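Per-entry structural report
What follows is the residue order along each chain.
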Amino acid sequence: MNTPISTEEFHHVHAAHCENGVTTALLRHHGLDFMTEPLAFGMGSGLFYIQIPFMTINNGPAISFRTMPGAIFKRTCKSLGVEVSRSKFRDPVKAEAFLNQKIKEGVPVGCQVGVFHLSYFPKEYRFHFNAHNLIVYGREENQYLISDPIMEDVTSLSAEELSRVRFAQGALAPKGHIYFPEKVGVITDDLIRKGIVRGIKRNIRDMISIPGNFAGVNGIRYTSNNIRKWRDKLGLKKASLYLGQIVRMQEEIGTGGGGFRFLYGAFLEEAAAYLQDDRLIGISEEFTKSGDMWRASAIQMAGVYKGRLTEQESFDDIADRLLEIRAVEKEAFTKLSKLNLGK
Amino acid sequence: MKKEDLPQEPGALSRLTRELCYVKNEEGKYETALSKGWDIKKEALDSAWIEVNDRVEEARKAVAAGEKSPIYYFMELSLMDVGVLSGYTGFFSFFIKRHLRPSVFKNLSDVKLEKYARAFDITVEELKIFKG
């Protein structure tokens, strides 16, 4: 057991978002050298917005700027005809045995983990958040070799440390979730183009046609309406904390809302090259604009949680900004839908 | 966001890594760049921790006043709620809520306390002797 085992020539990928990074690195490892983070994100229709009504997470509003955990990997692989294997476990011992087997076979694997016990994370970041993803690509004695996409470089975890984060508890508990591409077929340029178009269409549907008023672009309006009421309803202190939570969901690593808009802009730029369609470049600009607006609104929200802005008009101003962002994103997706891609 | 506008204001994460961001270069094309952090989100994280510390302090007072059992304090200290604690201990939420009452807590068996202690990364003794 003491001979170092590592999967052959695994290349670490540094990414803006963990799941994109895992998807990109695993697919590249299987020979899909063209894969980039924006492409994985776009094919997986990663852009989203939702505020789940009446629910709070870490004592703040439950907001997400991305699609469901796991969806990006699943959709991107499916689009490219890559077969995926995934397993969950009840028993940590079995989960570890399965992982060891894969490492022995030389297969790097994606693992879903919780960050609360993730020892290399700075303490300030260790909340009970269970949808972080990393790659295990080898083992040296008792240390597993870890490629965490949010990091510039690779790291390692002991068997105990890894088992603990793979069996974190709470919402979205990973239950040892392990996944990897099983079989890769022939990838033609045509398949890539189809995957891109499919990803864009699904994203249009998720953002502008989804029913209900709290998801997609309408979700942004839902949050905007909430923000207007928070100061009276919750009091200034709690309302400021809620805005702080939005900014964390928006700008922090792995969840980034503003950042995700830039990522989508980068995807459309790549898509324009693949599809040889310059109209996409123009729409890419609109997502850049939306990303900039999200960041500007974060600065405004910071004014409140730093205690500089305390009046209702500041809350109204933030709410208005969100409505403007909604309009920009709605316009951008509507334009995308009118391109009639793939026809 | 333009490349030159990318903030480089170190926060807690910069102890571990720089963050990869997608920015516009001089030619108006997207490329990646590394950021050390941004004060706006550092402050959001700071305000979340001020809130956490307030809650822990409230919990400590509640234990000291005999209103809550030590489990309540350590639950807050571990940033948990009843749902998360239920996951780590295997107890149903209904029972955990009972165990938060000092009168119920004092009669808990060591086997049960052991499960809580393990969830909180402390010893049974530390859990028992905590007085707030």
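Note that the structure is a prediction, hence the values are computed from the model and not measured.

Re the overall build of chain A
Per the secondary structure count, chain A includes 10 helices and nine strands. With 343 residues in all, chain A has 51% of them scored as buried. Long-range pairs, those at least 24 residues apart, make up 70% of the contacts in chain A between residues at least 6 apart in sequence.

A look at the overall build of chain B
Secondary structure summary: chain B contains seven helices and two strands in total. Secondary structure elements of chain B occur, N-terminal to C-terminal, as β-β-α-α-α-α-α-α-α. For 132 residues, the compact-globule formula gives about 14 Å, and the C-alpha radius of gyration of chain B, at 22 Å, lies well above that figure. If you line up chain B on its principal axes, its C-alpha atoms span 70 × 30 × 25 Å. Buried positions account for 35% of the 132 residues belonging to chain B. Sequence separation of at least 24 residues holds for 47% of the intrachain contacts in chain B that already meet a minimum separation of 6.

Here's the deal with helix H3 (residues 82-89) of chain B
Residues and elements named next belong to chain B. Extensive coverage of H3 is indicated by the burial of six of its eight residues. Those residues of H3 that sit buried are Val84, Leu85, Ser86, Gly87, Tyr88 and Thr89. Buried-residue contacts for H3 involve helix H2 (70-77), helix H4 (93-99) and helix H6 (110-120). Just beyond H3, the residue with positive phi is glycine 90, at close to 85°.

Here's the deal with the packing of helix H1 (residues 18-29) of chain A against helix H3 (residues 71-79) of chain A
Residue and element names in this part refer to chain A. Close contact between H1 and H3 brings their axes to 9 Å; oriented N to C, the two are set at 30°. Where H1 crosses over H3, the handedness of that crossing is right-handed. Seen from H1, the contacting residues are Glu19, Asn20, Val22 and Thr23; seen from H3, they are Ile72, Phe73 and Thr76. For the contact of H1 with H3, a count of residues per class yields three nonpolar, three polar and one charged.

Some thoughts on the interface of chain A and chain B
Facing 39 residues of chain A, the contacting portion of chain B comprises 30 residues. Elements with a contribution of two residues or more to the side of chain A that touches chain B: helix H7 (217-251), helix H8 (257-275) and helix H9 (279-305) of chain A. Here the side of chain A that touches chain B gets eight residues from one element, more than from any other, and that element is H9 of chain A. Here the residues of the side of chain A that touches chain B are counted per class, giving 20 nonpolar, 10 polar and nine charged.

A look at helix H10 (residues 312-338) of chain A
All names here are of chain A. Spanning 27 residues, H10 covers 39 Å between terminal C-alpha atoms, matching the ideal 39 Å at 1.5 Å per step. Listed as buried for H10 are Phe315, Ile318, Leu322, Ile325, Arg326, Val328, Glu329, Ala332, Phe333 and Leu336. Each element contacted by the buried residues of H10 is listed here: helix H6 (189-209), H7 and H9. Note on H10: the residue one or two positions beyond its end, asparagine 340, has a positive phi of about 55°.

Here we look at the domain arrangement of chain A
Frequently, the measure chosen for interface size is the accessible area removed from exposure when the parts meet. Here chain A is partitioned into domain 1 (5-35 + 83-183) and domain 2 (189-338). Domain 1 of chain A and domain 2 of chain A are separated by 29 Å when their C-alpha centres are compared.

Notes on unusual backbone geometry
Residues and elements named next belong to chain A. Its identity is not glycine, yet leucine 172 carries a phi of approximately 60°, on the positive side. For leucine 172, the position within the fold is in the loop between helix H5 (159-166) and strand E9 (178-183). The exposure class assigned to leucine 172 is partly exposed, which follows from the 16 C-beta atoms found within 10 Å.

Re the nonpolar core
Counting residues in each nonpolar core, the largest one holds 106 residues, and the members touching the most others are Val109, Val136, Leu263 and Met301 of chain A. The residues touching valine 136 of chain A, leaving out its near neighbours within four places in the chain, are Leu99, Ile103, Pro108, Val109, Cys111, Tyr144, Leu145 and Ile146 of chain A. Membership of the second largest hydrophobic core comes to 19 residues, among which are Tyr72, Met75, Val84 and Ala117 of chain B.

Conventions adopted
Residues numbered from 1 in each chain as written. Chains lettered and ligands numbered in written order. Predicted model: local features only at pLDDT ≥ 70, side-chain atom pairs only at ≥ 80, totals over all residues. Helix = DSSP H or I, 4+ residues; strand = E, 2+ residues; numbered from the N terminus. Buried ≥ 20, exposed ≤ 12 C-beta atoms within 10 Å, placed from the backbone. Contact = placed C-beta atoms within 7 Å. Rg over C-alpha atoms; globule rule 2.2 N^0.38 Å. Axes fitted to C-alpha atoms, helices over the stretch in contact; angles between N-to-C directions. Left-handed = near helix turned anticlockwise from the far one by under 90°. Nonpolar A, V, L, I, M, F, W, Y, C, P; charged D, E, K, R; others polar. Expected span 1.5 Å × (residues − 1). Domains from an automatic or database assignment. Core = buried A, V, L, I, M, F, W, Y, C linked by C-beta atoms within 7 Å.

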